[in-house]
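Structural overview
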Amino acid sequence: STGSCPPRRGKSKMASKNESHRETRIAGPLTLGSLFDGIGVFPLAASRHGIVPRWASEIEKAPISITKRHFPHMEHLGDITKLDGGAIPAVHIITFGSPCQNLSKMGDRTGLAGAKSSLFFHAIRIIQEMRDATGDQFPIIAVWENVMGAFVSNDRLDFLAVLRAFRPDAQIPMPASGRWGYAGMVRGGGPDLAWRTMDAQYWASPRLARRERIFLVEDFGGRRAGEILFKPRTVFALSPPGPACRVPTARGDRGPFLKAGGRVPVTRPFQLFRMRGAAKNQEHVQFRDSFGFPTDPFPTLLAGAVTPFAFWFEDDPLDGCIRFPTERECERLMGLPEGWTKYGADGEKILPANRYKALGNAIALPCADYIMAGIVEALNNAGK
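Residues numbered from 1 in each chain as written. Predicted model: local features only at pLDDT ≥ 70, side-chain atom pairs only at ≥ 80, totals over all residues. Heavy atoms only, no water.

What follows covers the overall build of the protein chain. Regarding its fold elements, the protein chain presents 11 helices and 11 strands. The proportion of buried residues among the 384 residues of the protein chain is 55%. Taking the contacts inside the protein chain whose residues are at least 6 apart along the sequence as the reference set, 69% of them involve residues at least 24 apart. Approximately 17400 Å² of the protein chain is accessible, and the part contributed by carbon and sulfur atoms is 53%. (Helix = DSSP H or I, 4+ residues; strand = E, 2+ residues; numbered from the N terminus. Buried < 20%, exposed > 50% of the residue type's maximum accessible area, 1.4 Å probe, protein only. Contact = heavy atoms within 4.5 Å. Areas by Shrake-Rupley, 256 points an atom, 1.4 Å probe, with all protein chains shown as cover.)

A word on helix 4 (residues 120–133). For helix 4, which comprises 14 residues, the first-to-last C-alpha distance of 20 Å matches the rise-based estimate of 20 Å (1.5 Å per residue) to within 8%. Counted residue by residue, helix 4 has 12 buried out of 14 residues, so it is predominantly covered. Listed as buried for helix 4 are Phe120, Phe121, His122, Ala123, Ile124, Arg125, Ile126, Ile127, Gln128, Glu129, Met130 and Arg131. After helix 4 finishes, the residue Gly135 shows a positive phi value of roughly 65°. (Expected span 1.5 Å × (residues − 1).)

What follows is about the packing of helix 4 against helix 5 (residues 157–166). Two elements in contact, helix 4 and helix 5, have axes separated by 10 Å at closest approach and are oriented at 15°. Considering their axes alone, helix 4 and helix 5 lie roughly parallel with respect to each other. Classified by chirality, the crossing of helix 5 by helix 4 is right-handed. In contact with Phe120, Phe121 and Ile124 of helix 4, helix 5 contributes Val162, Ala165 and Phe166. (Axes fitted to C-alpha atoms, helices over the stretch in contact; angles between N-to-C directions. Parallel < 35°, antiparallel > 145°, perpendicular 65-115°, else oblique. Left-handed = near helix turned anticlockwise from the far one by under 90°.)

So, about the nonpolar core. Considering soluble globular proteins, one finds that nonpolar side chains tend to be buried as a cluster. If you look at the biggest cluster of nonpolar residues, it comprises 58 residues, and the most contacted ones within it are Ile39, Ile141, Leu336, Ile371 and Ile375. Looking at this core element by element, the count peaks at 10 residues for helix 11 (residues 365–380). Among all residues touching Ile371, those that are not within four sequence positions of it are Val143, Met198, Phe215, Val217, Ile228 and Leu229. (Core = buried A, V, L, I, M, F, W, Y, C linked by side-chain atoms within 4.5 Å.)

Turning next to the pairing of strand 6 (residues 183–186). Burial along strand 6 is one-sided: Gly184 and Val186 are buried, while Ala183 and Met185, pointing the other way, are not. Inspection of the sheet shows strand 6 paired to strand 7 (residues 192–199) by four bridges, in the antiparallel sense. What sits directly across from Met185, in strand 7, is Ala194. Count of turn residues in the strand 6/strand 7 antiparallel hairpin: five residues, of which Gly188 carries a positive phi of about 115°. (Pairing = 2+ DSSP bridges.)

Before going further, it helps to spend a moment on helix 5. Owing to its 3.6 residues per turn, the α-helix brings residues three or four apart onto one side. Where burial is concerned, most of helix 5 is hidden: eight out of the 10 residues are buried. Against strand 4 (93–96), helix 4, strand 5 (141–147), strand 7 and strand 8 (212–219) lie the buried residues of helix 5.

Here we take up the environment of Val217. Residue position: Val217 is located in strand 8. Given the relative accessible area of 0%, Val217 is considered buried. Between the C-alpha atoms of Val217 and Trp195, which are 22 residues apart in sequence, the distance is 6.3 Å. Beyond its immediate sequence surroundings of up to four residues, Val217 is in contact with Ile141, Ala142, Val143, Asp192, Leu193, Ala194, Ala225, Ile228, Leu229 and Ile371.

Attention now moves to the sheet that holds strand 2 (residues 52–57). Strand order in the open sheet formed by eight strands is 3-2-1-4-5-8-7-6, and the pairing between neighbours is mixed. Among the strands making up the open sheet, the edge pair consists of strand 3 (75–76) and strand 6. Bridge analysis of strand 5 against strand 8 gives seven bridges, and the strand direction is antiparallel. Bridge pairing in strand 8 places Asn146 opposite Ile214. Lying over the sheet, helix 4 contacts strand 1 (31–35), strand 2, strand 4 and strand 5, oriented at roughly 175° with respect to strand 4.

A few words now on the pattern of salt bridges. On inspection of all chains with the given rule, the structure shows 15 salt bridges. Asp315 is paired through a salt bridge with Arg263; the nearest N and O atoms lie 3.2 Å apart. A residue pair is termed long-range when its members are at least 10 positions apart, and Asp315 in the loop between strand 10 (309–313) and strand 11 (316–323) and Arg263 in the loop between helix 6 (225–230) and strand 9 (265–269) qualify at 52 residues. Through salt bridges with shared partners, a single ionic network connects Lys231, Arg233 and Glu377. (Salt bridge = Lys/Arg side-chain N within 4 Å of Asp/Glu carboxyl O.)

For strand 8, a buried count of seven out of eight residues is recorded, marking the element as mostly surrounded by other parts of the structure. Here strand 7 runs beside strand 8; their pairing, made up of eight bridges, is antiparallel. Bridging across to strand 8, Asp192 finds its partner in Asp219.

Structure representation (structure tokens):
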């Protein structure tokens, strides 16, 4: 699979300089640059762990305004296709959740050759340009996030192209099974590379929305990618992220906020696809079950549609309803502080349609938190 900006091939300078695998030691605060930034979830997670967000690249007007409100000192660089990685401020960490439209099972399945998802190669280009300009010192860590469809698009060759883009020096084969594992590593002769899938619903309590994503970490300065992605550690609490973020996080029950007057409200994720299939096949039990089980997670938030849920009172199940979650409830389902997407940089309210779209494109905060905690732990322990 190829994209519009293919990475350099052949053995890189970066690979030869890392053959001794001496871990890079850090002086001063860690810094972060966020490509395809969206609403600043990676910068938010970074700031919660003492990492300083330096710059972001994004082109959507509403997400830029939201992020500027929360991080007024973070520079916005604009269109990724126009950036020179050697000319922008060097940072320790670069994060990017490149566009998934062509990789998603709900997309057109053109994969990394697609107009949107091929932008992945611009991030790879920028990382290499920065390393060339800094004598292979920055960035130290790169983090990529994307949908599960990246494992299977283009007959599973797109994920191989992703790995080879990160490690052009390595001879990476397809797995003998023909399928990519939900976790794996590329190690030896160059930067350390590891990936795993993380489903947001399991990374916070109370439970968040289902959101299964691939997270990949490349460590240019040592052999810490596996430590960052696989080491068990306490999940960072959903607590106030600090004065720079200006809004408090939700407290207590992160389900729908309803004044029930002493009555017990019941909410269930409404399984829309289950209902449609049951209705088509006249399966009455399955149709009833589409109103959800207590163990059902809330479906993945989508950029193009809002998924409804079922609500009723325990003492009056026949008087229930189906409704859509509010923007605030969607923020809760992603583990974000309440009101994170409500206002822009100038205090103007963000339109609901733009908030829903931005949240559907976002990264779940607890997953980003876990990775940032791992990076801080690994880099601060370098050489100890």
